[in-house]
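Residue-level structure breakdown
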Amino acid sequence: GGVMGEQFHPNKSTTFVNKEQLFKVEYLDDASLTGFVAEDVVQLGDYYVSTRFGCVTHSKGHDWAEADGILGMGFPAAALRSVPFPLFWALTDETRAAQEQSNVLKDRIFTLMLSDDRGEIVLGGHDPESVQGAMVTTPVRPSPLADGAEAFMHYMIDVQSLKVGKHELLNFKDSSIAIQAILDSGTSCLVVPDDTFEGGLLESPFQAFQKHFGDFEEPTIYITIEGTTFTIPYEDYMVDDKPCVMKMKNTPRTFLLGDVFFRRMVVVHNLQNPMRPLVSVGQRKDGYALTDTLKTLGNRAHVPLGKKLVQRPQPAAEHAA
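**Thoughts on the sheet that holds strand S13 (residues 167-168)**
With respect to topology, 4 strands assemble into an open sheet ordered S13-S12-S16-S17, the strand pairing being antiparallel. Each edge of the open sheet is held by one strand with a lone partner, namely S13 and strand S17 (228-232). One ladder, built from 4 bridges, connects strand S12 (residues 161-164) with strand S16 (residues 221-225); its direction is antiparallel. Bridge pairing in S16 places Leu162 opposite Ile223.

If you want it as structure tokens, here you go:
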């Protein structure tokens, strides 16, 4: 590797290989990253492997200069063809265990937690001491593809209820229906659809939020997953005296649970069975401090992340009034 300070310097690495392929990643709010594909030994926590990644040479939108990089913790189906294995999948690929320069993570599980000034990734499991009460486990839902097939593209799960104070924002015509939510740490806020999905909902969730937010004094947001209700206190979703609840302009049939969700929850991503990925969610224990140093506890590696700045959500959205 060739890390100096907080930046990667290819010319300082003896194992760096330029694959001489260009890449471009475009985001739904017109932000983009471009650069070239390379291969080198990449380490996260105690684990490392030789793998492909993108070296960013140009960025558009957002203040990308504040970030050292973007970790690939998503699904291979959503990856670029030129970088087919996201970092986490490469780090947990047993076929690479025989490589000379590798220390592969045995359990394909990671946990993400955020606070208002830092984050933490736990590789290989989660800390039971971080959870208040019981956790719930729910399947990840696949996304439909253009050819009629399905693939896992996002950490998308079913949500049965979303309330501000006592007011339900998901008023389903059929009470047995759930709506899908994407767990997305790249989004700052809750991003809510302004749509009734052809009558599946009796009113637009975003318009319902605007209408009823002022009915309550400093209301809590309640989210129900697998019959268990999780809470996001008022002070956690208010940013610059505005609710960090935003409207999707181009509404897919889902909504986004961004940083304001991860700041109160313990979110475990279990990819042990790639055909049946699972997400477990627990309410974070009050006072549980995220690590600021790399530490290993049993089979888990706790990796500190730098400060996550509040950014414009993706896709482009509008604040609730």
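**A look at the sheet that holds strand S7 (residues 119-123)**
Across the sheet, which stays open at both edges, the 7 strands sit in the order S8-S23-S22-S6-S7-S25-S24 with antiparallel pairing between neighbours. Edge positions in the open sheet fall to strand S8 (131-139) and strand S24 (295-297), since each of these has one partner strand only. Going across the sheet, the axis of each strand differs from the next one's by a mean of 20 degrees, ignoring polarity. Looking at chain direction, S8 and strand S23 (residues 278-284) are connected through 6 bridges and run antiparallel. Considered in S23, the bridge of Val131 is made with Arg284.

**Looking at the layout of surface pockets**
A volume near 240 Å³ is recorded for the second largest pocket. Across the lining of the second largest pocket, the residue classes tally to 4 nonpolar, 2 polar and 7 charged.

**Points about the pattern of salt bridges**
Inspection of every chain in the model, using the stated rule, returns 8 salt bridges. Salt-bridge contacts for Glu129 lead to Lys285; the nearest nitrogen and oxygen are separated by 3.7 Å. Of this pair, Glu129 sits in the loop between S7 and S8 while Lys285 sits in the loop between S23 and S24; the two residues are 156 residues apart in sequence, bridging distant segments of the chain. For Glu129, a relative accessible area of 52% translates into the label exposed. Asp158 is the partner of Arg141 in a salt bridge, and the nearest nitrogen-oxygen pair spans 2.8 Å. Remark: Asp158 occurs in strand S11 (residues 156-159) and Arg141 occurs in the loop between S8 and strand S9 (143-144); sequence separation between them is 17 residues. Sharing partners across several salt bridges, the network here consists of Asp236, Arg264 and Asp286.

Each value, and the rule that gives it
- Position labels on residues start from 1 in each chain and follow its written sequence.
- The predicted origin of the model limits local features to residues at a pLDDT of at least 70 and limits the giving and counting of side-chain atom pairs to 80 or more, whereas totals for whole chains, interfaces and linings rest on all residues.
- With hydrogens and water set aside, each side-chain value is computed from the structure's full complement of heavy atoms.
- If DSSP finds at least two bridges between two strands, the strands pair.
- Runs of E in the DSSP output that reach at least two residues are strands. Runs of H or I that reach at least four are helices, and both are numbered from the N terminus.
- Lines are fitted to the C-alpha atoms to define the axes, a helix being fitted only along its stretch in contact, and any angle between axes, read from their N-to-C directions, falls within 0 to 180 degrees.
- Grid spacing is 1 Å over the protein atoms alone, the probe is 1.4 Å, and a cavity is where that probe fits but cannot get out, while a pocket is an open set with protein on both sides within 12 Å along at least five of seven lines and lining residues have an atom within 4 Å of a point.
- Grid points are joined across faces, edges and corners, and a volume is the space filled by probe spheres set on the points.
- Lys, Arg, Asp and Glu make up the charged group, whereas Ala, Val, Leu, Ile, Met, Phe, Trp, Tyr, Cys and Pro make up the nonpolar group; the residues left over, Gly among them, are polar.
- The working definition used for a salt bridge is a side-chain nitrogen of Lys or Arg within 4 Å of a carboxyl oxygen of Asp or Glu.
- Note on classification: 1.4 Å probe, protein chains only; a residue is buried when its accessible area is under 20% of the maximum for its type, exposed when over 50%, partly exposed between these limits.

These figures capture arrangement, not role.
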